Amino acid sequence: MALTRVVTCAAVFNAAYAFAPIYSKAMPRVNSQRSAMKMAAVDTILVGCGVPNRGMGWFHAIQMLNGECPSCKLSAVVEPFFLGPGKEVPGGAEFGEFAAEWGEKGVQFTPKLEDLPPADGPRMALIAGRTADNPKLLRDCIDIAGCTHLILEKPGATTVADLESMAEYAKEKGVSVMMGYNKNIANYVKNAREFEAANPGAATKFTSLNAYGRDELGECFERNSEGLLKNMAIHELALAVTFYGVKASNIEDITINEANSECLTIGDYTDFAKAEFTVTTSEGKSVTIYADRCAGNECVADVSVDGEVKFQSKMPDEEDAKRIEKSQAANPDWMPYFFLQENDYADLKEMCGAHALAGKMGAPEGIASIEIAIEALRVAEYLTPALREKMGVSV
């Protein structure tokens with residue numbers, strides 16, 4: 001494969017930081033300029049935390065608590081399960097230790113939104129619980145917690161109908177909803193798109209790799225029961241919607257690479273272990289997406305001209321890999337994808353927090369709106385049966 005250019009997107013880490021003796025050591029990328037200025041921060045609550053070192057909500061919390069998102073002040077963690085019936089289950093004790101440590105430092109931990117004090121200004125909620133619970137959580141964050149801005153973890157809801165209803169409700173209440181699609185602001189995507197734009201006829205392939213073992217796919221399918229396209233590959237579908245104008249209504253052709261695609265039934269769940277496909281719209285736009293749950297821990301954008309890859313950008317690149325190596329040594333119990341995306345997740349929250357703090361509505365430039373999320377979910381619902389059919393799998 002001949003590459004005429006490889007772009008790096010170096011990550012900058014300012015300091016190492018040990019946040020708790022009972023957990024992994026975190027290495028936050030603190031915005032030192034904003035921290036030195038001691039600017040105000042928007043009151044932020046986390047809804048749905050999960051198990052320390054594994055839950056996406058927990059990871060968001062740690063980034064805010066460590067000062068990586070200076071515009072966000074995490075004032076409360078709302079965790080119905082581990083502060084309720086889940087206290088004695090695996091992970092319950094670890095969550096209890098996490099809550100005790102940060103509770104002593106002024107963060108409120110509660111199982112109910114009703115326990116929060118009234119908002120006295122802009123309040124932002126980051127909703128990172130079970131996807132199926134999001135329709136109710138969104139309404140409760142607005143009606144009970146008085147939130148003016150929301151960040152929804154992908155995919156936002158399990159169905160298009162639910163997400164559309166959520167968007168309409170938020171609009172009626174004048175609340176802005178921003179999505180946690182961090183790859184929309186990732187440098188490796190930006191660099192690939194710039195090269196594609198400068199080379200007429202170029203075509204881009206977005207690759208996303210996770211590091212599950214084959215023996216872990218059963219748990220993976222169960223925990224992510226919405227399916228690969230609505231979960232792992234939804235980031236790439238959001239890129240397709242945002243930058244290539246892909247819609248379920250304008251997909252004219254779907255081509256699947258069967259050599260890079262596999263659909264399995266494990267227990268009660270049927271899903272893709274991996275899938276590679278190209279969609280072409282009626283406007284002539286094409287983009288290729290490849291997602292593999294068991295192939296590593298990186299994201300790649302390949303741009304081809306006349307069928308030959310001429311440009312490649314990666315996350316992580318060489319500089320980022322050095323940062324990840326240090327972070328892995330300090331945080332051996334983290335989920336692998338935390339290391340890969342921690343910089344972009346911190347940037348996303350900081351952008352959203354600054355947006356809310358300024359009293360602005362809608363989404364900041366570059367951040368995916370709930371309308372983008374609706375179309376990405378609609379595309380996922382359209383493609384899942386279409387790809388299964390092409391693979392000869394019973395729909």
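Counting starts from 1 at the beginning of each chain's written sequence and moves along it residue by residue. Whole-chain, interface and lining totals are the exception, using all residues; otherwise, since this is a predicted model, local features are given only for residues with pLDDT of at least 70 and side-chain atom pairs are given and counted only at 80 or more. To obtain the side-chain values, all non-hydrogen atoms of the structure were used and water was disregarded.

A. Just the overall build of the protein chain, in detail. What the protein chain contains, in helices and strands, is 11 helices and 14 strands. Considering the protein chain as a whole, with its 395 residues, one finds that 54% of them fall into the buried category. We call two residues in contact whenever any of their non-hydrogen atoms come within 4.5 Å of each other. Within the protein chain, residue pairs in contact and separated by at least 24 positions form 76% of the contacts whose partners lie at least 6 positions apart. For the accessible areas, the method is Shrake-Rupley and the probe is 1.4 Å, while residue cover comes only from the protein chains on display. On the protein chain, roughly 16800 Å² of surface is accessible, and the fraction owed to carbon and sulfur atoms is 49%. What counts as a helix is a DSSP run of H or I of at least four residues, what counts as a strand is a run of E of at least two, and both are numbered from the N terminus. Exposure is judged per residue with a 1.4 Å probe applied to protein chains only, and the accessible area is read against the type maximum: over 50% gives exposed, under 20% gives buried, and values in between give partly exposed.

B. Inspection of the nonpolar core at higher detail. One finds Phe-98, Leu-237 and Leu-383 to be the most contacted residues of the largest nonpolar core, which totals 115 residues. Those residues in contact with Leu-237 that lie beyond four places of it in its chain are Leu-229, Phe-277, Ile-289, Ala-376, Val-379, Ala-380 and Leu-383. We define a nonpolar core as any set of buried Ala, Val, Leu, Ile, Met, Phe, Trp, Tyr and Cys residues linked to one another through side-chain atoms lying within 4.5 Å.

C. Quick peek at the packing of helix α9 (residues 318-330) against helix α10 (residues 336-357). Orientation of α9 relative to α10, taken along the N-to-C sense of each, is 115°, at an axis distance of 10 Å. Both α9 and α10 take part in a crossing whose hand is right-handed. Here α9 contributes Asp-320, Arg-323, Ile-324, Ser-327 and Gln-328 to the contact with α10, which in turn contributes Phe-339, Leu-340, Glu-342 and Asn-343. Within the contact of α9 with α10, the residues separate by chemical class into 3 nonpolar, 3 polar and 3 charged. For helices, the fitted line uses only the C-alpha atoms of the stretch in contact; every axis is such a line through C-alpha atoms, and the angle between N-to-C directions lies from 0 to 180 degrees. The handedness criterion is simple: a crossing whose near helix is rotated anticlockwise from the far helix by less than a right angle is left-handed, and one whose near helix is rotated clockwise is right-handed. Under the scheme applied here, ten amino acids are nonpolar (Ala, Val, Leu, Ile, Met, Phe, Trp, Tyr, Cys and Pro), four are charged (Asp, Glu, Lys and Arg), and all others, including Gly, are polar.

D. Quick look at the pairing of strand β5 (residues 123-127). Within β5, 5 of the 5 residues are buried, which leaves it mostly tucked inside the rest of the structure. Of the two faces of β5, both are covered, the one formed by Arg-123, Ala-125 and Ile-127 as well as the one formed by Met-124 and Leu-126. Note: two strands are recorded as paired if DSSP finds a minimum of 2 bridges between them. Bridging between strand β2 (residues 42-47) and β5 involves 5 bridges; their strand directions are parallel. Across the sheet, Thr-44 pairs through a bridge with Met-124, a residue of β5. In terms of strand pairing, β5 meets strand β6 (residues 149-152) through 4 bridges, oriented parallel. Bridge pairing in β6 places Ala-125 opposite Leu-150.

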